[in-house]
Amino acid sequence: RKEVEQDPGPFNVPEGATVAFNCTYSNSASQSFFWYRQDCRKEPKLLMSVYSSGNEDGRFTAQLNRASQYISLLIRDSKLSDSATYLCVVKHYKLSFGAGTTVTVRA
Amino acid sequence: SAVISQKPSRDICQRGTSLTIQCQVDSQVTMMFWYRQQPGQSLTLIATANQGSEATYESGFVIDKFPISRPNLTFSTLTVSNMSPEDSSIYLCSVDLNTEAFFGQGTRLTVV
């Protein structure tokens, strides 16, 4: 079983739509959780950390459910510039990456 | 934040040859990480480069194939040795600062 599993998508949504997707992780001892964004042919960059209480950063909302071992990301009012691959990242001494969820926002 | 300069950005290499990838960080860091990202797949940690000691390799990766140097706290190299087409991938170096991971721009390697 992979350490971090994500729905690969692609999620193809119109501008202004809301899109949400999850990832699951296998190690219950994982300590930290993140969403990274990776644009085509670019390196990953931190989008946001994920906290147990849930957290928002502008149009982005992240949730963590430790009991079920999943993390979610919701993007409201999608912009064309949100088109990217979103990587779910879990840390237990080292980082484990999901394969990414591809989101395409169309005009 | 950290700025990482990685080079080369891409290369096409003949099988059986070796390629050395360099990463320079703009601040001193204890550990540097080397990842591989194959098309459509997640980043896989190859090894952790520690200054002043041998690199720590993950399961499935060995020093003879991926020798690493870490001469100081701002620089590291990864060599992909005796390359085969299966080594075609993107290689990324990374550092952790204040729980955030920063990455180099990646080296896109094609072995023919």
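These lines cover the structure that appears in this document, whether it is placed above or below.

Quick notes on the rules
Residues numbered from 1 in each chain as written. Chains lettered and ligands numbered in written order. Predicted model: local features only at pLDDT ≥ 70, side-chain atom pairs only at ≥ 80, totals over all residues. Heavy atoms only, no water. Salt bridge = Lys/Arg side-chain N within 4 Å of Asp/Glu carboxyl O. Helix = DSSP H or I, 4+ residues; strand = E, 2+ residues; numbered from the N terminus. Buried < 20%, exposed > 50% of the residue type's maximum accessible area, 1.4 Å probe, protein only. Phe/Tyr/Trp six-rings, centres within 6.5 Å; stacked < 30°, edge-to-face > 60°. Contact = heavy atoms within 4.5 Å. Buried area = accessible area lost by both parts, 1.4 Å probe. Polar contact = N/O pair within 3.5 Å; in protein donor to acceptor, adjacent residues only side chain to side chain. Nonpolar A, V, L, I, M, F, W, Y, C, P; charged D, E, K, R; others polar. Pairing = 2+ DSSP bridges. Axes fitted to C-alpha atoms, helices over the stretch in contact; angles between N-to-C directions.

Using the criterion set out here, one finds seven salt bridges over all chains in the structure. Between Asp82 of chain A and Arg59 of chain A there is a salt bridge; the shortest N-O distance is 2.7 Å. Placement of Asp82 of chain A in the loop between strand E8 (70-75) and strand E9 (84-92) and of Arg59 of chain A in the loop between strand E6 (55-57) and strand E7 (60-65) is noted, with a sequence separation of 23 residues between them. A relative accessible area of 22% places Arg59 of chain A in the partly exposed class. Where Lys94 of chain A meets Glu58 of chain B, a salt bridge forms, and the shortest distance between an N and an O atom there is 2.4 Å. With Lys94 of chain A in strand E10 (residues 94-97) and Glu58 of chain B in the loop between strand E6 (56-57) and strand E7 (68-72), the pair connects residues from two separate chains. Residue classification places Lys94 of chain A among the partly exposed residues on the basis of a relative accessible area of 31%.

A word on the packing of aromatic side chains. Tallied over the entire structure, the rule returns 11 aromatic pairs over all chains. Residues Phe97 of chain A and Tyr35 of chain B carry aromatic rings whose centres are separated by 5.3 Å and whose planes lie at 80 degrees to one another, so their mutual orientation is edge-to-face. With one member in each of two chains, Phe97 of chain A in strand E10 and Tyr35 of chain B in strand E4 (residues 31-37) form a pair that bridges those chains. As far as burial versus exposure is concerned, Phe97 of chain A and Tyr35 of chain B are alike and both buried. Relative to Phe103 of chain B, the ring of Tyr35 of chain B has its centre 5.9 Å away and its plane inclined at 55 degrees; by these criteria the two rings are tilted. With Tyr35 of chain B in strand E4 and Phe103 of chain B in strand E10 (residues 100-103), this residue pair connects regions lying 68 residues apart in the sequence.

Before going further, it helps to examine the interface of chain A and chain B. Counting residues at the interface gives 14 residues for chain A and 18 residues for chain B. Across the chain A to chain B interface the summed buried area is about 1300 Å²; carbon plus sulfur atoms make up 53%. For the chain A face of the interface with chain B, the top three residues by lost area are Arg41, Glu43 and Phe97 of chain A, together amounting to 36%. At the junction of chain A and chain B, the tally comes to two salt bridges. One can count four residue pairs in polar contact (both at pLDDT 80 or more) joining chain A with chain B. Broken down by secondary-structure element, the contributors of at least two residues to the side of chain A that touches chain B are strand E4 (32-38), E9 and E10 of chain A. Here the side of chain A that touches chain B is composed, by residue class, of eight nonpolar, two polar and four charged.

Attention now goes to the sheet that holds strand E1 (residues 4-6) of chain A. All names here are of chain A. Ordered in space as E1-E3-E8-E7-E6, the five strands form an open sheet in which the pairing is antiparallel. In this open sheet, the two strands that pair with only one neighbour each are E1 and E6. Averaged over neighbouring strand pairs, the angle between their axes works out to 20 degrees when direction is ignored. Where strand E3 (residues 19-25) lies against E8, six bridges are found, and the strand directions are antiparallel. Bridge pairing links Asn22 to Ser72 in E8.

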